[in-house]
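# Observations on the three-dimensional arrangement
If you want the building blocks of each chain, they are given just below.
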Amino acid sequence: MSSVPSRKEEILAKRAKLAEIKRQRELRLKELSTSRLGTPDPLELASPTPSRANNREELDSLISSLVDRPSSTTPRQSSSPIVRGSRPTSAVGVGQVNGVDSPTVTTPPPLQAQTAGFSTQTLSIAPLTTVYEFPADPRPEILTYSKAVQTSAPWSPQTHRSSEFSDSDDGRSPSKGRSQTRKHLSRRERERDEEYRRNIRREVEEELIALRLSESEADAPLATLASQNFPVRTLTDEELNAVTSSNDFLDFVEKSSKVIERALDEEYDLLADYALSGLNSLEDDDDEDGMMHGKRGRRVREAAQFYDERWSKRRMISDINFSPKHPELLLAAYTKNMSAPNDPSGVLQVWNTHMASRPEYLFTSTSDILTAKFSPYHPNLIIGGAYSGQVLLWDTRSRSIAPVQKTPLTGVGHTHPVYSLEIVGTQNANNIISCSTDGVVCGWSVDMLSVPQEYLELAAPAPSKTEDIAPTCIAFQHSDPTYFLAGTEEGSIYPCHRYDRAGAKAGIDQKLKYAGHAAPVMSLDFHPSRGPSEVLGDLALSSSVDWSVKLWKVRAPAVTASSAVNGDPDVVLPLHEFVREDLVYDARWNPVKPGVFALVDGAGSLEVWDIGVDIGVPVAKISPSSKLGDRLAASSLNKLAWEKHEGKRIAVGGRDGVVTVFEVGADLGGLDNIRTEDWVAAKKMVNQLGGGSNSV
């Protein structure tokens, strides 16, 4: 392979040679142009025109002139038109004109037979040397091109270089003859050209292959090294056990299997006949699934049940809550399993409605979990209250099943069980409000649970025989996060203030009390009031183990400041009492329907009420099926929760540890059938029940 300097010298030598040939060609063309009248065109020499001898008289005069002057002159010295017409017919080969070596062929002129004294003139052209683009080297030259090899002018094909020798004045220039000669190359020359082309093509292909290999080796040097140093082999039993028992492998298998289970859970009736009245299929169902008869829009149907044999067995459900961010997720808090003392006392499972075989997340605690909620401002956080008095915080992004934060077991916070907590505020400023049975209400920040941000001790009003008060539940009004109701073990409901205000100090409002229950209050819930106006925002529901649910008209904090008479608290009575047949453990408003609420009782029944339709009997009643869980355990239901976005699903749970999800009809939930008449009917019923003037 030639080096780069030698290649440059060859290119410069070829250019010099081409310039010399061009200069000689220009000189020759110049001489031909000076004697153009006497010198015939090379193409005319090859094929003379016979039309000039048609005239007989011109031929006779030409012969006579030649006889008179026997001495012949060259065409370059004669300027007569007669001499021009009597040029010799010596034929010059096309190869000579174009520079190809060939013998000179001389033929006598056609008029020699008629004129004996005419001398033969021989016209010849000096042979030209053919310059090849590539030297005729028997050894093929291998060229290598790279970015470092550069020339002063780019190389151009033969067709472009031949145009430099063309004559603009004469279309029949040597360049045209050269292009014609190109077709008449010898066999040896054509084979040599083909060999050059094959060599160049092969070199280019080799360069491309080498470039691809270099790029692939640069991209994956480590992979090549690893494949050489660590060949593929079968893992031993010890290595296989080490891989399958690693945390990364287990996390991958768990996450991927959950994705597959969610995808396989999608139910679709492949044999559905759309020509039939499929919408009336619910009306043909009987009570085998616990569904009661009535209008289709007020039906309640069991949708799914969730139970884990390992963690739900012999545990009682203490709280249920739907996720505000992901409606398909719901959590269930469980108490201690008395038959498994080595297991964690508290268990919290997050279920997915699209995956009933196992929970989406599992969390534990060292104490019984009595209440738990999803944070509405941090969807990944779950806040719970324990029997030990601790406030716990779990994070679904953490790999640990233990709480990521929890309050200390000191006298700074709670020292008694935490049965209820709420998360109030805004996205940028929110707090956790918890209450324990020792009468202490604390406010916590999600960022720091070591010390409470607020500390408030509740004391009973003056006429009470004791100052001790044991709150079992609290509820905040949606429009005022500084004012809340607290239900107690004695059955009374007290209005409380988080901060001092005009006419009232922080703590229990001494001038007002809501009385009506004769047993501990189990739940409190304010109306969500998502209607056109806050017409029902002051309504509250309370449930108790005195077998009743009561509807209250809550007074505003400004009104309570001037409601006391003679220093005694003003006692407010409920608007209406819903007497049931068993202990009522929980009652909750529907988040979208104005007059709909649901309750669960000790008999294991779920009842759905609509005060805009009837306040005497429920519009629907159903019990969970006994397909899962401990059939020998009591079937009472302790907690319920509505799905917060559409209000079409209710989740209930009880002593058997089974979470059951029900779906309600369009008249009892959902955003598709919201009417203004429902709000008007509910408000009208509240006005008929007394408005808020029921007081003693």
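Residues numbered from 1 in each chain as written. Predicted model: local features only at pLDDT ≥ 70, side-chain atom pairs only at ≥ 80, totals over all residues. Heavy atoms only, no water.

Helices and strands together make up the secondary structure of the protein, namely 13 helices and 30 strands. If you take every contact in the protein between residues at least 6 apart in sequence, the share linking residues at least 24 apart comes to 57%. Accessible area of the protein: about 39,300 Å², with a carbon and sulfur share of 54%. (Helix = DSSP H or I, 4+ residues; strand = E, 2+ residues; numbered from the N terminus. Contact = heavy atoms within 4.5 Å. Areas by Shrake-Rupley, 256 points an atom, 1.4 Å probe, with all protein chains shown as cover.)

Of all residues in the protein, 67% attain a pLDDT of 70 or more, and the chain-wide mean is 76. Contacts for the low-pLDDT stretch residues 42-53, under 50 throughout, to residues beyond four places or in other chains number 16 contacts. Counting contacts from residues 69-119, a segment whose pLDDT is below 50, to residues more than four positions away or on other chains yields 73 contacts. (pLDDT = per-residue confidence, 0-100.)

This next bit is on the sheet that holds strand S2 (residues 317-322). Strand order in the open sheet formed by four strands is S2-S3-S4-S5, and the pairing between neighbours is antiparallel. On the outer flanks of this sheet lie S2 and strand S5 (361-365), each paired with one strand and no other. Looking at each pair of strands side by side, their axes are set apart by 15° on average, direction ignored. (Pairing = 2+ DSSP bridges. Axes fitted to C-alpha atoms, helices over the stretch in contact; angles between N-to-C directions.)

What follows concerns empty space enclosed by the protein. Per the stated rule, a full pass over the model turns up three cavities of 30 Å³ or more. Reported here for the second largest cavity is a volume of approximately 40 Å³. Looking at the second largest cavity, the residues that line it are Gly-389, Thr-407, Pro-408, Thr-410, Val-412, Gly-413, His-414, Trp-444 and Ser-450. Tallied by class, the residues present in the lining of the second largest cavity amount to three nonpolar, six polar and no charged. (1 Å grid on protein atoms, 1.4 Å probe; cavity = no way out; pocket = protein on both sides within 12 Å on 5 of 7 lines; lining within 4 Å. Points joined across faces, edges and corners; volume = space filled by probe spheres on them. Nonpolar A, V, L, I, M, F, W, Y, C, P; charged D, E, K, R; others polar.)

Take the side chain of Glu-422 next. One can find Glu-422 in strand S10 (residues 418-425). The side chain of Glu-422 is buried and forms no salt bridge, while Lys-373, the nearest opposite charge, is found at 4.2 Å. Aside from chain neighbours lying at most four places away, what touches Glu-422 is Lys-373, Asn-431, Ile-432, Ile-433, Ile-474 and Phe-476. (Buried < 20%, exposed > 50% of the residue type's maximum accessible area, 1.4 Å probe, protein only. Lys, Arg positive; Asp, Glu negative; His and termini not counted. Salt bridge = Lys/Arg side-chain N within 4 Å of Asp/Glu carboxyl O.)

Taken as a whole and assessed by the stated rule, the structure comprises nine aromatic pairs. The interplanar angle of 5° and the centroid separation of 6.1 Å between the aromatic rings of Phe-597 and Trp-609 together place this pair among those described as stacked. Taken together, the positions of Phe-597 in strand S25 (residues 596-601) and Trp-609 in strand S26 (residues 606-610) put the pair twelve residues apart, joining distant regions of the chain. Here Phe-597 matches Trp-609 in class, with each residue buried. Among the aromatic residues, ring-to-ring pairing joins Phe-578, Trp-589, Phe-597 and Trp-609 into one connected group. Of note, Lys-258 hangs over the ring of Tyr-361, and the distance from its end group to the ring centre comes to 5.5 Å. Over the ring of Trp-311 we find Arg-310, and its NZ or CZ is 4.1 Å from the ring centre. (Phe/Tyr/Trp six-rings, centres within 6.5 Å; stacked < 30°, edge-to-face > 60°. Lys NZ or Arg CZ within 6 Å of the ring centre and 35° of its normal.)

For the rest of this paragraph, the subject is the pattern of salt bridges. By the definition in use, this model includes 21 salt bridges. In this structure, Lys-313 engages Glu-309 in a salt bridge whose closest nitrogen and oxygen atoms are separated by 3.9 Å. With a relative accessible area of 35%, Lys-313 lands in the partly exposed category. Here Glu-309 falls in the exposed class, since its relative accessible area comes to 51%. In this structure, the salt-bridge partner of Lys-550 is Glu-577, at a minimum N-O distance of 3.2 Å. Of this pair, Lys-550 sits in strand S21 (residues 548-553) while Glu-577 sits in strand S23 (residues 576-579); the two residues are 27 residues apart in sequence, bridging distant segments of the chain. Taking the relative accessible area as the measure of exposure, Lys-550 reaches 2% and is therefore buried.

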